[in-house]
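One letter stands for each residue in the lines below.
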There are 2 protein chains.
Amino acid sequence: MINKLVANIKKTNAPVVVGLDPMLSYIPGAILDRAVKKQGETLEAAGAAVWEYNKGIIDATCDLIPAVKPQIAMYEQFGIPGLMAFQKTVEYCQEKGLVVIGDVKRGDIGSTSAAYANGHLGSVTIGNTKCRGFNEDFITVNPYFGIDGVKPFVDVCREEKKGIFLLVKTSNPSSGEFQDQKIDGKPLYEIVGEHVAKWGEECMGDEYSYVGAVVGATYPEMGRVLRKIMPKTYILVPGYGAQGGTAADLKPYFNEDGLGAIVNSSRGIICAYKQEKYAKFGEDGYADASRQAVIDMIEDIRTAL
Amino acid sequence: MINKLVANIKKTNAPVVVGLDPMLSYIPGAILDRAVKKQGETLEAAGAAVWEYNKGIIDATCDLIPAVKPQIAMYEQFGIPGLMAFQKTVEYCQEKGLVVIGDVKRGDIGSTSAAYANGHLGSVTIGNTKCRGFNEDFITVNPYFGIDGVKPFVDVCREEKKGIFLLVKTSNPSSGEFQDQKIDGKPLYEIVGEHVAKWGEECMGDEYSYVGAVVGATYPEMGRVLRKIMPKTYILVPGYGAQGGTAADLKPYFNEDGLGAIVNSSRGIICAYKQEKYAKFGEDGYADASRQAVIDMIEDIRTAL
């Protein structure tokens, strides 16, 4: 799947991923009203509205981008109906040829991580039948449990030719509270980065590893250091746009081959119609506004690189 | 909800929680066969079997215990049908008067943590209606993002009078890889523990705080230190039984009032019928075997304390 991700990035010449993170407040009123009219003020209506909203954005942007990253929390907040919208979104994006990165940030003790890995990347065997749960192509993983909490994900990746992005340095303001703490003079995120590089060597695609890393756009100096520590690692970079990261910040995350990083934008794309810059599209044109925002983001990043 | 947890523990005189972590291999063949006969070799059949299995254990043990802890990964592995079984389990346990600790180990940047908090502890507002997703009483939370990833959970707890258990020192063998790293001479788990105590002060129930901690039974010396650092914190203790923690290891986790800790056992209870000790119950008597295992666990812990 890392080979497919790299191929998609080369084909689109766009190292970007659209974060499908639907908040109710992002969804145009007409879509939500329609859903509520049909199913009442229920979680089912929210799930239906989320799905319709997503489908519009996917249809309007899928020819421009290599991948999407749905954040499962934004679906989980609506319980089962929300997760049904998540699943439909994953399937629909895959039908469109997009690589799907499930932003689930799971992680636990070994046997529990194995269950998450099976549910999101692999399969469970019921009788003689292999059944798949959410079936993303990549997922994000939290490393707090140490290696035996990560290994089950790596094992399933190897078997399924799928991938993970391990949290190394997150984009939020307080990420440093634990992740920057120095251990024998070396910050924790560097130590996690060294692990990622080591685990990644055992799971190589053609050019890059199945084991990727998350490093926030908001910390470019750390990005520079981590790029060197993890040369064969794809870096998923959140934090561009709404969280404050700029295109100029992104250069250190890429290798000289122009590959090695993929930049996420969520709000900046899916909620573009609410920005003054794209106001002319109106609520009804929210998907076209998202398309224009993707074009602008790609241009912004190409210029900076 | 911390007050209800403490009241339930006092009523049952049993500081234990049953981990409802169903693996397919734990479920008696007859239950699974029945489900497959009805729904084929599908995730739906797995979900139905998990629910029937859980209901048997809950019915057989609910008068003895204060709380249950379903591990959501074991349901998520079966996709949507698995999560429907999770939801039914949560609701049924609450009807039986049990406190439900959703072992979800979520955690992300602020806005995303807020969505998880709403989905698992709080509500979302659709039109004018408050709708609840999974609606557990407590959940477990991963602190890797630092304070702004934890705060949204604490905010919802305060509003809803619900609670969290923050991962401080997990029970698995490699937990030390990151959690034990020393920062200015102090291990990371102690620093997280100090945060828990501080956050907890702002969220007090009658005797204990809504903000609890997870500390594995497999590290009793660290349990002793953390007990002192977090005097008003309830400690959720995994790792007893199948993972190697013994009753003698548990004393340091408790306060002098005999409260302050609740010990989890999963496999040791729900899969008791597979142990030689409880083999006489047979597969059909799996629920009675679980009841006997709960009685024995309570006795074991009472003796050690």
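Scroll up to find the structure this text is about.
Everything numeric here is computed off the predicted structure, so don't read it as measured data.

This brings us to the overall build of chain A. Each helix and strand in chain A was counted, giving 12 helices and 12 strands. Projected onto the principal axes, the alpha-carbon positions of chain A cover approximately 60 × 55 × 35 Å. For chain A, the residues scored as buried account for 64% of the 305 residues in total. Considering only contacts in chain A between residues 6 or more positions apart, those separated by 24 or more positions represent 73%. When the accessible surface of chain A is totalled, it reaches about 10600 Å², and 50% of it is carbon and sulfur. Taking the average location of the 33 positive side-chain charges in chain A and that of its 38 negative ones, the two points are 3 Å from each other.

The next subject is the packing of helix H6 (residues 110-120) of chain B against helix H7 (residues 147-160) of chain B. Between two packed helices, what matters for the description is the angle formed by their axes and the separation of those axes. Residue and element names in this part refer to chain B. At a minimum axis separation of 8 Å, H6 and H7 run at an interaxial angle of 30°. In terms of axis orientation, H6 runs roughly parallel to H7. Remark: the crossing between H6 and H7 carries right-handed chirality. Listed contacts from H7 to Gly110, Ser113, Ala114, Tyr116, Ala117 and Asn118 of H6 are Asp148, Gly149, Pro152, Phe153 and Val156. Residues of the contact of H6 with H7, tallied by class, amount to 6 nonpolar, 4 polar and 1 charged.

Residue and element names in this part refer to chain A. Under the definition given, this model contains 15 aromatic pairs over all chains. A centroid spacing of 6.4 Å and a plane angle of 70° characterise the contact between tyrosine 273 and tyrosine 286, whose relative ring orientation is edge-to-face. Of the two residues, tyrosine 273 is situated in the loop between helix H11 (267-270) and helix H12 (286-304) and tyrosine 286 in helix H12; the sequence distance between them amounts to 13 residues. Through a chain of ring-to-ring contacts, three or more aromatic side chains come together here, namely Tyr53, Tyr273 and Tyr286. In this arrangement the basic side chain of lysine 169 is found over the ring face of tyrosine 219, its NZ or CZ atom lying 4.1 Å from the centre.

This part is about the relation of the copies chain A and chain B. Mapping chain A onto chain B calls for a rotation angle of 180° and an axial translation of 0.0 Å; the resulting RMSD is 0.0 Å. With respect to symmetry, the two chain copies, as superposed, fit the operation of a two-fold axis. When the interface residues of chain A are mapped onto chain B, 100% of them again fall at the interface, so both copies present the same face.

Here we take up the sheet that holds strand E1 (residues 16-18) of chain B. What holds strands together in a sheet is hydrogen bonding between their backbones, with the strands either parallel or antiparallel. Residues and elements named next belong to chain B. Taken in spatial order, the 8 strands close into a barrel running E1-E2-E3-E6-E7-E10-E11-E12, and their pairing is parallel. Strand direction decides the pairing type here: strand E11 (residues 235-237) and strand E12 (residues 261-265), joined by 3 bridges, are parallel. From the neighbouring strand, isoleucine 235 faces E12, where its bridge partner is alanine 261.

It is worth spelling out the nonpolar core at this point. Judged by nonpolar contacts, the single largest core of 238 residues is most densely connected at Ile164 of chain A together with Ile164 of chain B. In contact with isoleucine 164 of chain A, not counting residues within four places along its chain, are Leu121, Phe138, Ile139, Val141, Val150, Phe153, Val154, Cys157, Tyr210, Val211 and Gly212 of chain A.

On to the pairing of strand E3 (residues 99-106) of chain B, then. Residues and elements named next belong to chain B. Burial analysis of E3 places 8 of its 8 residues in the buried class, the great majority of the element. Of the two faces of E3, the one carrying Val99, Ile101, Asp103 and Lys105 and the one carrying Val100, Gly102, Val104 and Arg106 are both buried. Where strand E2 (residues 67-68) meets E3, 2 bridges bridge the pair, whose relative direction is parallel. Bridge pairing in E3 links alanine 67 to valine 99. Note: E3 against strand E6 (residues 138-141), 3 bridges, orientation parallel. Directly across from isoleucine 101, in E6, lies its bridge partner phenylalanine 138.

Let us now look at the packing of helix H5 (residues 79-95) of chain A against helix H5 (residues 79-95) of chain B. The interhelical angle for the contact between H5 of chain A and H5 of chain B, taken along N-to-C directions, is 170°, at an axis separation of 10 Å. Overall, the two elements H5 of chain A and H5 of chain B adopt an arrangement that is roughly antiparallel. Of the residues in H5 of chain B, those touching H5 of chain A at Ile80, Leu83, Met84 and Gln87 of chain A are Ile80, Leu83, Met84 and Gln87 of chain B. Grouping the amino acids of the contact of H5 of chain A with H5 of chain B by side-chain chemistry returns 6 nonpolar, 2 polar and no charged.

Moving on: the environment of valine 100 of chain B. Residues and elements named next belong to chain B. With respect to the element layout, valine 100 can be found in strand E3. Judged by relative accessible area, valine 100 falls into the buried class, the value being 0%. Those residues within four positions of valine 100 in sequence are excluded, and the remaining contacts are Val68, Pro70, Val90, Cys93, Gln94, Glu136, Asp137 and Phe138.

All names here are of chain B. A positive phi angle is found at asparagine 135, which is not glycine, with a value near 55°. Along the polypeptide, asparagine 135 turns up in the loop between strand E5 (129-131) and E6. One non-glycine residue, lysine 161, adopts positive backbone phi at about 55°. With respect to the helices, strands and loops of the structure, lysine 161 is situated in the loop between H7 and strand E7 (163-169).

About the criteria used
- Residues numbered from 1 in each chain as written.
- Chains lettered and ligands numbered in written order.
- Predicted model: local features only at pLDDT ≥ 70, side-chain atom pairs only at ≥ 80, totals over all residues.
- Heavy atoms only, no water.
- Helix = DSSP H or I, 4+ residues; strand = E, 2+ residues; numbered from the N terminus.
- Buried < 20%, exposed > 50% of the residue type's maximum accessible area, 1.4 Å probe, protein only.
- Contact = heavy atoms within 4.5 Å.
- Areas by Shrake-Rupley, 256 points an atom, 1.4 Å probe, with all protein chains shown as cover.
- Lys, Arg positive; Asp, Glu negative; His and termini not counted.
- Charge placed at Lys NZ, Arg CZ, Asp CG, Glu CD.
- Axes fitted to C-alpha atoms, helices over the stretch in contact; angles between N-to-C directions.
- Parallel < 35°, antiparallel > 145°, perpendicular 65-115°, else oblique.
- Left-handed = near helix turned anticlockwise from the far one by under 90°.
- Nonpolar A, V, L, I, M, F, W, Y, C, P; charged D, E, K, R; others polar.
- Phe/Tyr/Trp six-rings, centres within 6.5 Å; stacked < 30°, edge-to-face > 60°.
- Lys NZ or Arg CZ within 6 Å of the ring centre and 35° of its normal.
- Least-squares fit on C-alpha atoms with pLDDT ≥ 70 in both.
- Pairing = 2+ DSSP bridges.
- Core = buried A, V, L, I, M, F, W, Y, C linked by side-chain atoms within 4.5 Å.

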